[in-house]
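So the chains spell out like this:
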Amino acid sequence: MERIEGIVEDIIFCNRDNWYTVCDIRSGRRLITVVGYMPDIAIGETVVVSGTWTVHQDYGKQLKVETCERVLPTTTDAIYKYLASGIIKGIGETTAKKIVDRFGEDTLRILQFEPQRLSEIKGISEEKALQIGQAFIEREQMRQIVMFLQKYGISATYAVKVWKKFGNEAVNEIKRNPYRLTDEDINIGFKIADRVAISMGIDIESEFRIASGIQYALSKAVQDGHVYLPSDVLIPYASRLLDVSAEAVERVLSGLIFEESVCIEKTPEEDRVYLSPFFKAEQCVARKLAVLSSIGPKKNILNLEKLLEEVQEEQRIEYTAEQLEAIRCSATESILVVTGGPGTGKTTLIRGIISIFEKSGLEIVLAAPTGRAAKRMTEATGKEAKTIHRLLEMEFSVDESYREFRKNERDPIKADAIIIDEMSMVDILLMHSLLKAVEPGTRLILVGDVDQLPSVGPGKVLSDIIESECLKVIRLNTVFRQAGESSIVINAHRINKGIFPEFSTSEGDFFFIPRSTPKATAQAVLELCTARIPEKFGLDPMKDIQVLSPSKKGDAGIYNLNALLQQCLNPPESGVREKNFRGVVFRENDRVMQIKNNYNLPWTMEDKNRKVVSGEGVFNGDMGIIREIDPENDYLTVLFDDGKIVEYSFDMLDELEHSYAITVHKSQGSEFPAVVVALSGVPPMLRLRNLLYTAITRARQLVVIVGDIEILRQMVNNATERERYTGLKERLIRYFE
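Every value quoted in this text rests on a predicted model; they were computed, and no experiment measured them.

**Examining the UniProt feature "binding site: ATP" (unreviewed entry) in the chain**
Per the UniProt record, "binding site: ATP" (unreviewed entry) is found at Gly343, Thr344, Gly345, Lys346 and Thr347. Within the element layout of this structure, Gly343 appears in the loop between β9 (335-340) and α14 (346-359). Of the residues examined, Gly343 reaches a relative accessible area of 27% and is grouped as partly exposed. Take Thr347: it is sitting in helix α14. By relative accessible area, which is 35% here, Thr347 ends up partly exposed.

Below, the structure written as structure tokens:
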């Protein structure tokens with residue numbers, strides 16, 4: 001094996017996802033081409049590489065690298081090349097020359113230990129000097145974890161996530177517990193983390209390994225929507241995952257219960273195994289709902305019937321019997337649940353309740369799970385609605401080790417009535433956080449469509465509350481005349497009853513276009529979005545048309561559809577900047593969606609008085625457009641639909657996806673003028689009635705379904721739902737007995 005020390009003179013190619021690099025190294029008088037995995041090396045750096053010689057048929061003799069060690073440059077020329085490469089954020093060629101001219105061979109020591117001295121250079125403020133110093137230190141820390149994890153075959157993309165989570169303790173944290181690599185915000189598969197752990201000497205039969213496998217299995221179940229797993233599901237799964245006996249899993253599981261990291265609840269049907277936070281959340285939700293419902297509203301509403309007459313006259317409407325019952329219950333009940341499909345008057349009802357409460361002097365707060373749903377609620381009621389996260393106000397914990405909601409039992413929401421819309425989207429953890437901030441005596445009104453898909457997060461809160469029959473529930477079934485004239489509303493109710501929809505011909509708002517293959521379906525979707533719908537209905541394909549698909553993969557899945565739609569609706573153009581990230585091109589003006597909760601991401605926005613306000617937190621499902629890409633400073637800016645402006649560094653782009661086409665699950669809580677649904681190549685497990693129902697109820701003006709009519713028929717007929725393990729219903733029944 002050859003060992004060579006030299007200075008990186010040129011980087012010919014670098015894949016920043018896995019750091020496979022082709023570069024030229026100057027060693028004495030020799031210029032050597034080396035190839036292999038060399039994490040984040042830069043021009044001007046001194047490296048020590050070891051490897052074997054190979055001969056490439058086109059490029060000749062090369063050194064195939066097996067190990068690469070980095071030595072910081074020491075000569076002024078090498079230091080200048082290193083800094084001028086742009087490797088340190090805030091330093092370009094001009095600034096690099098100024099710094100090296102001023103500090104010479106002492107430059108790197110100044111960057112690391114005395115960065116404030118950079119402000120001695122004209123044009124560098126003290127603030128910028130400290131930012132450069134921080135960038136230099138962070139780069140060194142990041143490189144350490146990249147080099148460390150590279151030994152175990154883990155790509156630099158994941159290494160950056162590890163560094164962002166643990167900072168300068170990243171290497172030590174992974175050495176202490178390599179299974180932290182499976183944490184949701186890193187999301188390396190268990191098999192890879194397990195390989196790392198075994199490579200570090202952790203025994204296959206060790207309790208630590210088995211415990212990590214059990215906790216991973218429960219965490220994976222949570223990601224799939226479950227709140228717990230039955231022990232007879234968990235134990236065989238963990239046994240297969242770890243390749244150990246079921247007895248070994250049971251033994252370690254008992255120890256985890258003693259440590260209180262998991263909880264087991266024994267029921268007549270099964271033993272339920274929870275991760276402790278989810279057991280606590282489910283318990284507290286049931287208990288708090290029981291407490292709230294047992295205490296009457298703190299402020300009474302007087303002369304209700306007279307107020308009802310006034311509101312109907314003012315709003316020029318006549319409420320249905322169901323709506324009247326709901327309004328009367330909202331006046332007397334501490335908790336009211338309202339459910340109904342499209343066109344049944346949920347929004348009309350909310351407006352009526354708000355009007356009566358305001359006439360009675362009640363302070364009202366409105367909220368919804370997502371920014372888009374909150375914006376719709378604001379537009380429909382004329383009263384500001386916030387996301388539940390904003391309502392609860394995120395802040396750092398006392399020791400600043402994690403983020404939590406400011407609003408809770410000690411500092412509850414100041415309101416006489418809280419109205420939550422799109423309740424089907426609220427998962428068990430968010431419901432727990434919300435209820436902690438609700439004072440007894442405050443009216444709580446929960447509105448949603450229980451027939452839609454359950455929340456993306458764990459649990460099925462709205463469904464469990466309704467099925468428990470413990471709280472007052474009003475079902476709105478009457479379809480209003482104007483809504484009844486819409487084929488979208490008529491067909492939504494038909495589908496919900498298991499009746500095949502009726503399609504429009506040349507005129508109307510509900511169409512089906514048959515296509516026999518996923519590829520043909522994708523082509524038809526493209527034609528609809530780029531030509532047929534804009535020409536016939538005058539809708540803007542970038543703003544008004546949303547493509548939905550049950551699937552992510554395949555020709556009719558969202559990944560392929562997004563690539564096709566981007567190419568047609570926002571093609572490459574001179575002056576329009578773009579960024580390639582893991583083979584996906586993000587371009588200015590692209591439609592994008594946040595695909596995970598990020599409670600720490602800063603944002604700014606203008607409030608209703610045009611005053612700039614700031615905050616933190618961007619959430620799964622938030623949608624917007626890329627307003628600007630800044631390749632020099634490695635970030636892009638997204639303007640979200642609710643007005644938030646957010647900067648993403650390029651290494652955060654795994655939190656964004658294109659949203660020309662989105663999954664039906666991700667569309668929950670949103671509404672669009674036109675919806676095009678791609679139904680081809682749909683896996684059997686996704687051929688569900690509530691998924692189809694959710695898709696078509698996203699549309700206000702137009703629905704076009706494209707694909708296989710047999711898949712459509714199967715979905716209409718399939719009333720089964722994907723099973724979710726949740727104990728809230730039974731727990732509510734026990735608390736209310």
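Don't stop here, the text continues.
**Some details on the sheet that holds strand β8 (residues 271-275)**
In spatial order, the strands read β6-β8-β7; together these 3 strands make up an open sheet with antiparallel pairing. Of all strands in the sheet, those bounded by a partner on one side alone are β6 (229-230) and β7 (262-266). As judged from the 5 bridges shared by β7 and β8, these two strands associate in the antiparallel manner. Considered in β8, the bridge of Ile264 is made with Val273. Across the sheet, helix α8 (residues 207-223) touches β6, β7 and β8, and the angle it forms with β8 is around 90°. Along the sheet face, helix α10 (residues 246-259) touches β7 and β8 and points at about 105° away from the line of β7.

**Examining the environment of Phe278**
Structurally, Phe278 can be placed in helix α11 (residues 276-294). For Phe278, a relative accessible area of 9% gives the class buried. Sequence separation between Phe278 and Glu314 is 36 residues, and the spatial gap between their C-alpha atoms is 46 Å. When sequence neighbours within four positions are dropped, the list of residues in contact with Phe278 reads Val222, Val227, Ile428, Leu429 and Pro458.

**Focus: the sheet that holds strand β4 (residues 46-56)**
Spatially, 5 strands are ordered β1-β2-β3-β5-β4 in a closed barrel, and the strand pairing comes out mixed. Neighbouring strand axes in the sheet, compared pairwise and without regard to direction, differ in orientation by 50° on average. Relative to strand β5 (residues 60-71), β4 runs antiparallel, the two being bridged by 11 bridges. Within β5, the position partnered with Thr52 by the bridge is Lys64.

**Overview of helix α2 (residues 93-103)**
Turning to α2, its buried residues number three or more, namely Thr95, Ala96, Ile99, Val100 and Phe103. The buried side chains of α2 occupy one side of the element, clustering within an arc of 125° when seen end-on. Counted as exposed and oriented over 90 degrees from the buried face of α2: Glu93, Thr94 and Asp101.

**Some remarks on the domain arrangement of the chain**
Assigned domains within the chain: domain 1 (2-150), domain 2 (172-278), domain 3 (281-482 + 726-731) and domain 4 (499-717). Between the C-alpha centres of domain 2 and domain 4 the distance comes to 35 Å.

**Remarks on the pattern of salt bridges**
Pairing is possible between side chains of opposite charge, provided their charged atoms come close. The final tally for this structure, using the stated rule, is 44 salt bridges. Arg102 is the partner of Glu120 in a salt bridge, and the nearest nitrogen-oxygen pair spans 2.5 Å. With a gap of 18 residues between them, Glu120 in the loop between α3 (107-113) and α4 (126-150) and Arg102 in helix α2 connect regions that are remote in the sequence. A residue is classified by how much of its surface remains accessible, and Glu120, at 41% relative accessible area, is partly exposed.

**Here's the deal with the packing of α8 against α10**
The description of two helices packed together rests on the angle between their axes and the distance between the axes. Between α8 and α10, the least distance of the axes is 9 Å, while the angle of their chain directions is 80°. It follows from the interaxial angle that α8 and α10 lie roughly perpendicular. Contacts between α8 and α10 involve Glu207, Ile210, Ala211, Ile214 and Gln215 on the former and, on the latter, Ala248, Val249, Val252, Leu253 and Leu256. The class makeup of the residues in the contact of α8 with α10 is 8 nonpolar, 1 polar and 1 charged.

**Focus: the pairing of strand β21 (residues 591-594)**
Residues Arg591 and Met593 line one face of β21 and the alternating positions Val592 and Gln594 line the opposite face, and both faces are buried. Both β21 and strand β24 (residues 623-630) contribute to a ladder of 3 bridges, which runs antiparallel. Across the sheet, the residue bridging to Met593 is Met623, located in β24.

**Focus on the nonpolar core**
Core analysis: the largest hydrophobic core is formed by 92 residues, its most contacted members being Val162, Ile214, Leu289, Ile413, Ile420, Met431 and Ile465. Ranked by the residues each element gives to this core, the list is headed by α8, at 8 residues. Here Ile420 is in contact with Ala367, Ile388, Leu434, Leu444, Ile445, Leu446 and Val447, once residues within four sequence places are set aside. Membership of the second largest hydrophobic core comes to 33 residues, among which are Val338, Ile356, Leu362 and Ile445.

Definitions and limits used
Residues numbered from 1 in each chain as written. Predicted model: local features only at pLDDT ≥ 70, side-chain atom pairs only at ≥ 80, totals over all residues. Heavy atoms only, no water. UniProt positions renumbered as here; feature names shortened; annotations may be inferred. Helix = DSSP H or I, 4+ residues; strand = E, 2+ residues; numbered from the N terminus. Buried < 20%, exposed > 50% of the residue type's maximum accessible area, 1.4 Å probe, protein only. Pairing = 2+ DSSP bridges. Contact = heavy atoms within 4.5 Å. Axes fitted to C-alpha atoms, helices over the stretch in contact; angles between N-to-C directions. Arc of directions from axis to C-beta. Domains from an automatic or database assignment. Salt bridge = Lys/Arg side-chain N within 4 Å of Asp/Glu carboxyl O. Parallel < 35°, antiparallel > 145°, perpendicular 65-115°, else oblique. Nonpolar A, V, L, I, M, F, W, Y, C, P; charged D, E, K, R; others polar. Core = buried A, V, L, I, M, F, W, Y, C linked by side-chain atoms within 4.5 Å.

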